[in-house]
Amino acid sequence: MNSEARNDARPALRIIPREQHTISRKNISKAALRVLYRLNEAGYDAFLVGGAVRDLLLGGRPKDFDVATSATPDEVKKLFRNCRLIGRRFRLAHVVFGPEIIEVATFRGTGEEEGAEGERHIVDGRIVRDNVWGTIEEDALRRDFRVNAMYYDISDFSVRDYVGGMQDLQDRVLRLIGDPDTRYREDPVRMLRAARLAAKLGFSIDAPAAAPFEELGPLLAEAAPARLFDESLKMFLAGHGLKSFRMLEQCGLLKFLFPATARALKRGDEALRALVEQGLENTDARVAEGKSVTPAFLFAVLLWGEVRDLAQQQIARGKDATEAWARAALQVVGEQCQRVAIPRRFTFTMEEIWSLQPRFEQIQRKKVLRLLAHPRFRAAFDFLLLRAHESPAIRELGLWWDHAQQLPHETLAAALPAHGGGSEPEAATPTAGPARKRRRRKPATKSKPA
Ligand code: ATP
Ligand code: MG
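Residues numbered from 1 in each chain as written. Chains lettered and ligands numbered in written order. Predicted model: local features only at pLDDT ≥ 70, side-chain atom pairs only at ≥ 80, totals over all residues. Heavy atoms only, no water.

S.K.: I tried to follow the overall build of the chain on my own but got confused; where do I start?
M.R.: Within the chain, the regular secondary structure consists of 23 helices and 12 strands. Taking all 450 residues of the chain together, 50% fall into the buried category. Across the chain, the fraction of contacts at a sequence separation of at least 24, relative to all contacts at a separation of at least 6, is 67%. About 21200 Å² of surface is accessible on the chain, with carbon and sulfur atoms providing 50% of the total. (Helix = DSSP H or I, 4+ residues; strand = E, 2+ residues; numbered from the N terminus. Buried < 20%, exposed > 50% of the residue type's maximum accessible area, 1.4 Å probe, protein only. Contact = heavy atoms within 4.5 Å. Areas by Shrake-Rupley, 256 points an atom, 1.4 Å probe, with all protein chains shown as cover.)

Okay, structure coming up:
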């Protein structure tokens, strides 16, 4: 593309002065303000950019504050003692203030100008390295969505809108900058970002931006699995997991990221859908309350359907139950990690949560006490509660274990049968209350891993 053609395509810059927008410095983190002022005082251009500007204009609280500047990473480093340079694919500076990190990126260019500094690598249309410095206009054009390409100018507190982001905020729509096909080929993760941001903001995805999903979704297989893990956390553990999940499914992207989950859901297993949705809803509620959430639990939820079905198939064919569960877990985790690199410490916990499930069905003194003392009991029990949708028997089991945990150790031990797998849970619930309702029911006696 020659420079004239690019000029034609360039939208008119709109500068919105301080009195015509709602961004106030009191809603910007102190750390970000310090970085912006310091850069500006040193003679560089300095802007707050991206999601922070978007979220502030929407009246929300940004998750992080990113800065764009005319200073190169080395120049940024010279200005801040608390600064480290990171990234190869996309070199930038992190300025660290205690737990808060301000990401400072130098304006990126297209690399088409003479004497452009830095380097940019494109392989099969995909950007594998993007370190060419450029102007702020160019920087705006290489961003993904128009709502993500607005700049808050620390020198006069105005907002610069290069590509029509304000209009999209008003229309509550995500529009890509440039040709969707090209932009997704450059970086397929942008498709996931579309789904995630639509879910987070409650925006729609512009039809041309959504149209290529089916055809280009398979390109996600080439994205770095570690990056897809990070992206998955942003989708599912940032407080809008259920919406993200539904949006991914609706966009037809779930199958490229979590093939096993998509397959299991496609089999029309409504109990599984209920379990996944409930798991995500609980996670969202925990995030809203400021409680901790673990990726392991959520990934265990997402992959449960496939693990359970595989294990049960093996057991039906006469395989030893413990081995069947272990193999099923290995297979499902192995397949998933080729797409999304779930770190080992999490897959280990997932395997534990799954393998403890059949053990909830063994109501014998020693086994019950051992399970209660298991370090992963709590997570596995929470998981069992989610499985209540699978059958009335599992719901009963959940109630039984809920009750068992509340009994003093000796009372519970005395009430439990020493042997035999067919004992009824109520034998161990000497008190009235929830146990009454269970009188006539037996716990499910399904698989019994040795
Ligand atoms: P969040 O609310 O999750 O932080 P965000 O839009 O701020 O959303 P970040 O990952 O923090 O997302 O990215 C900051 C900004 O960098 C984006 O707003 C966008 O302008 C730009 N950006 C991020 N990822 C891409 C990408 N894959 N392609 C082009 N631009 C991107
Ligand atoms: Mg951000």
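After presenting the structure, the write-up continues.
S.K.: For this particular structure, what's the right way to read the site of ligand 1?
M.R.: Inspection of the region around ligand 1 gives 19 residues, with Arg-54, Asp-187, Arg-190, Arg-196 and Lys-200 positioned closest. Contact distances for ligand 1 include 3.3 Å between a nitrogen atom and a backbone N or O atom of Asp-144. Within the side chain of Arg-190, one N or O atom sits 2.8 Å away from a nitrogen atom of ligand 1. A total of 590 Å² of accessible area belongs to ligand 1 in isolation, and the protein chains cover 87% of it. In terms of residue count, the dominant contributor to the shell around ligand 1 is helix H8 (residues 189-201) (five residues). Its residues assigned to classes, the shell around ligand 1 shows one nonpolar, three polar and 15 charged. (Near = heavy atom within 4 Å. Polar contact = N/O pair within 3.5 Å; in protein donor to acceptor, adjacent residues only side chain to side chain. Nonpolar A, V, L, I, M, F, W, Y, C, P; charged D, E, K, R; others polar.)

S.K.: Even after reading the chapter, I still don't get unusual backbone geometry, so can you show me in this structure?
M.R.: Apart from glycine, the bulk of residues carry a negative phi angle, and the bulk of peptide bonds sit in the trans form. One non-glycine residue with positive phi stands out, namely Phe-157, at about 65 degrees. Looking at the secondary structure, you find Phe-157 in the loop between strand E9 (150-153) and strand E10 (159-161). If you check the backbone angles, Arg-172 has positive phi at about 50 degrees while not being a glycine. Counting through the fold element by element, Arg-172 comes out in the loop between helix H6 (165-171) and strand E11 (173-174).

S.K.: I keep staring at the pattern of salt bridges and nothing clicks. Help me out?
M.R.: Side-chain pairs of opposite charge can arise whenever the charged atoms involved come near each other. Overall, the coordinates contain 34 salt bridges when judged by the stated rule. A salt bridge links Glu-390 to Arg-308; the shortest N-O distance between them is 3.1 Å. Of this pair, Glu-390 sits in the loop between helix H20 (377-386) and helix H21 (392-406) while Arg-308 is found in helix H16 (residues 295-316), placing the two residues 82 residues apart along the sequence. A relative accessible area of 24% places Glu-390 in the partly exposed class. Classification of Arg-308 as buried rests on a relative accessible area of 8%. Through salt bridges with shared partners, a single network forms among Arg-263, Arg-267, Asp-269, Glu-306, Arg-308, Asp-309, Glu-335, Arg-387 and Glu-390. (Salt bridge = Lys/Arg side-chain N within 4 Å of Asp/Glu carboxyl O.)

S.K.: Before we go on, may I ask you to explain the packing of aromatic side chains in this structure?
M.R.: By convention here, two paired aromatic rings are described through the distance between centres and the angle between planes. A full pass over the atoms with the stated rule returns 17 aromatic pairs. Both rings, one in Phe-47 and one in Tyr-151, keep their centres 5.8 Å apart while their planes meet at 90 degrees; by these two values the pair is edge-to-face. Residue Phe-47 is found in strand E2 (residues 46-49), and its partner Tyr-151 is found in strand E9; the two are separated by 104 residues along the sequence. Comparing Phe-47 with Tyr-151, the two get one shared label, buried. The interplanar angle of 80 degrees and the centroid separation of 5.9 Å between the aromatic rings of Phe-297 and Phe-383 together place this pair among those described as edge-to-face. Here Phe-297 is found in helix H16, whereas its partner Phe-383 is found in helix H20, with 86 residues between them in sequence. An aromatic cluster is present here, built from Phe-229, Phe-236, Phe-258, Phe-299 and Phe-346 joined pairwise through their rings. Just above the ring of Phe-90 sits the side chain of Arg-108; from NZ or CZ to the centre is 3.8 Å. (Phe/Tyr/Trp six-rings, centres within 6.5 Å; stacked < 30°, edge-to-face > 60°. Lys NZ or Arg CZ within 6 Å of the ring centre and 35° of its normal.)

S.K.: I keep staring at the packing of H8 against helix H11 (residues 225-236) and nothing clicks. Help me out?
M.R.: Two numbers describe a pair of packed helices, the interaxial angle and the distance between the axes. Direction vectors running N to C along H8 and H11 enclose 5 degrees, while the axes themselves pass 10 Å from each other. Classified by the angle their axes make, H8 and H11 are roughly parallel. Between H8 and H11, the contacting residues are Val-189, Leu-192, Arg-193 and Arg-196 on the first element and Arg-227, Leu-228, Glu-231, Lys-234 and Met-235 on the second. Class assignment of the residues belonging to the contact of H8 with H11 gives a composition of four nonpolar, no polar and five charged. (Axes fitted to C-alpha atoms, helices over the stretch in contact; angles between N-to-C directions. Parallel < 35°, antiparallel > 145°, perpendicular 65-115°, else oblique.)

S.K.: Would you mind going over the sheet that holds E2 with me for this structure?
M.R.: Across a sheet, paired strands are connected by hydrogen bonds in the backbone, their directions being either parallel or antiparallel. The sheet built from eight strands is open, its strands ordered E1-E10-E9-E2-E3-E6-E5-E4 with mixed pairing. Looking at which strands have only one partner, the edges of the open sheet turn out to be strand E1 (14-16) and strand E4 (83-86). Pairwise comparison of adjacent strand axes, ignoring direction, gives a mean angle of 30 degrees for this sheet. In this structure, E2 lies alongside E9, joined through three bridges in antiparallel fashion. Looking across to E9, one finds that Val-49 is bridged to Tyr-151. (Pairing = 2+ DSSP bridges.)

S.K.: Hey, could you run me through the layout of surface pockets in this one?
M.R.: In this approach, a probe sized like a water molecule rolls over the atoms, and the result shows the empty space that is left. Approximately 1400 Å³ is the volume attributed to the largest pocket. Along its surface, the largest pocket is lined by 42 residues, and Asp-66, Phe-90, Glu-103, Arg-193 and Lys-234 are the ones closest to its centre. Every element with two or more residues in the lining of the largest pocket is listed here: helix H3 (51-57), strand E3 (66-69), strand E5 (92-97), strand E6 (100-106), strand E8 (126-132), H8 and H11. The element contributing the most residues to the lining of the largest pocket is E6, with six residues. Residue classes in the lining of the largest pocket are distributed as 14 nonpolar, five polar and 23 charged. (1 Å grid on protein atoms, 1.4 Å probe; cavity = no way out; pocket = protein on both sides within 12 Å on 5 of 7 lines; lining within 4 Å. Points joined across faces, edges and corners; volume = space filled by probe spheres on them.)

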